[in-house]
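Chain and residue survey
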Amino acid sequence: MRLLTFEVNGVVKVGLYTGRGIVDLPKAYLAIYEAESAPDFLYSMRRLIESGEPALRLISELGDRAIKSGRGDLLINPASINWLPPVTDPEKILCVAVNYRAHGEESSTKPPERPYFFPKFRNALIGNGQPIVKPKASNKVDWEVELGVVIGRRGKYIDVKDALNHVFGYVVTNDISMRDWQFPSMDQFGMDWIHGKSMDGAMPVGPYVVTRDEVPDPHNLRLTLRVNGVVEQDGNTRDLIFKIPELIHWASQGITLKPGDYISTGTPAGVGFPKGKFLKHGDVVEAEVEGIGLLRNPVVNEE
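The structure reproduced in this document is the subject of the present report. The numbering scheme is per chain: residues are counted from 1 as the chain's sequence reads. Under the rules for a predicted model, residues below a pLDDT of 70 receive no local features and side-chain atom pairs below 80 are neither given nor counted, while totals for whole chains, interfaces and linings still include all residues. Side-chain metrics rest on all non-hydrogen atoms present in the structure, leaving aside hydrogens and water.

1. Observations concerning helix 1 (residues 25-32)
The condition is simple: Exposure categories follow from relative accessible area, calculated using a 1.4 Å probe and restricted to protein chains: below 20% of the type maximum is buried, above 50% is exposed, and the middle band is partly exposed. Counting from the N terminus, the helices are the DSSP runs of H or I reaching at least four residues and the strands are the DSSP runs of E reaching at least two. Throughout, the arc means the angular range of directions from the helix axis out to the C-beta atoms. Throughout, a residue-residue contact means that at least one pair of heavy atoms, one from each residue, lies within 4.5 Å. Side-chain atoms alone can form a polar contact between residues adjacent in sequence; in general such a contact is a pair of N or O atoms within 3.5 Å, and within protein one must be able to donate a hydrogen while the other accepts it.
Taken together, the buried positions of helix 1 are Leu25, Pro26, Ala28, Tyr29 and Ile32. With its buried residues spanning 165° around the axis, helix 1 presents them on a single face. Those residues of helix 1 hidden inside the fold are in contact with strand 2 (11-18), strand 3 (21-24) and helix 3 (53-69). N-cap assignment for helix 1: the residue whose side-chain oxygen lies 3.1 Å from the backbone N of Lys27 is Asp24.

Structure follows, in structure tokens:
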């Protein structure tokens, strides 16, 4: 299934993306079951994930019945909604530094001996179609297409062999980076991971989360990123240094991973910094992962 969070008429809901449109799940529930209210997990992706398999079975049934009903009011045109990040309120957003060797080479950075994680905050999250705001504070705003993992099951000290059982699904992420802040002149303190990575709107995620059962091999997916239609990045997840089970294992060392948490797995070569290319007002960025989706965001200057 392809599940999304969207806003329509000021109400945030969970939807099911289909070839015929987006099923408005709360509305479908009220209509099909003639109910006065819908379950709260149809209004929150994180609560849906926490509800487990029974919630997914209900959504599958709702989707089938909504389409078979022939009721057009239960299906929404994707172009008419305000797309939000699939999980709008994760407890954690963990990103991985230098997880493709070619990216390490282009940035003159040696890959770590074990995954190196840095955080992003909720203020950075934006959805498909929402603008990447080029902040007044930065003149070197860069792109990084990545495969993102959405955690589905709580866990700590997770074994590599069991790690994929903790995955709910996959998303496209774009690790927007302010390079003039990420690499400051204060060498004794290292890089500035906070301002360099987590300014407002610096984490586009979406367009939806594709459930794990629909992605048989997450380690053989093409990733591409285009700016104004020009391909800047073109890689494949088979080149990940640390695979997804290893990332989950290491991320859970001393930290409890919870349903709805994001892990962004790293970017292939082709970022703008080594080329002296950066995002500017009016640009359109398209980050795409094969079988997962296309995440499209315009760039606007901060007012």
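2. Re the nonpolar core
Defined as follows: The set of buried Ala, Val, Leu, Ile, Met, Phe, Trp, Tyr and Cys residues whose side-chain atoms join them within 4.5 Å is what this entry labels a nonpolar core.
Grouped together as the largest cluster of nonpolar side chains are 83 residues, with contacts concentrated most on Leu3, Ile248 and Ile292. At six residues, helix 3 tops the list of elements feeding residues into this core. Leave out the neighbours within four places in its chain, and Ile292 touches Arg2, Leu147, Tyr170, Val171, Val172, Tyr208, Val210, Val215 and Leu221.

3. Quick word on unusual backbone geometry
The residue after Gly206, namely Pro207, is reached through a cis peptide bond having omega -10°. In this structure, Tyr157 takes a positive phi of about 50° despite not being glycine. Relative to the assigned elements, Tyr157 resides in the loop between strand 11 (145-151) and strand 12 (167-174).

4. With respect to the side chain of Glu286
Of note, Glu286 is situated in strand 18 (residues 284-289). Apart from residues lying up to four places away in sequence, Glu286 is in contact with Thr224, Leu225, Arg226, Leu294, Leu295 and Arg296.

5. Let's talk about the packing of aromatic side chains
Using the following cut-off: Between 30 and 60 degrees the pair is tilted, below 30 it is stacked and above 60 it is edge-to-face, where a pair is any two Phe, Tyr or Trp rings, Trp via its six-membered ring, whose centres lie within 6.5 Å.
Under the criterion given, the structure shown has eight aromatic pairs. Arranged with centres 4.5 Å apart and planes meeting at 20°, the rings of Phe118 and Trp193 form a pair that is stacked. With Phe118 in strand 7 (residues 116-120) and Trp193 in helix 6 (residues 193-197), this pair connects stretches of sequence that are 75 residues apart. Both residues of the pair, Phe118 and Trp193, belong to the buried class. Their ring planes at 20° and their centres at 5.2 Å tell us that Phe183 and Phe273 sit as a pair that is stacked. Here Phe273 lies in the loop between strand 17 (262-264) and strand 18 and Phe183 lies in the loop between helix 5 (179-182) and helix 6, a separation of 90 residues in the sequence. Taken together, Tyr17, Trp83 and Tyr208 form an aromatic cluster joined through their ring pairs.

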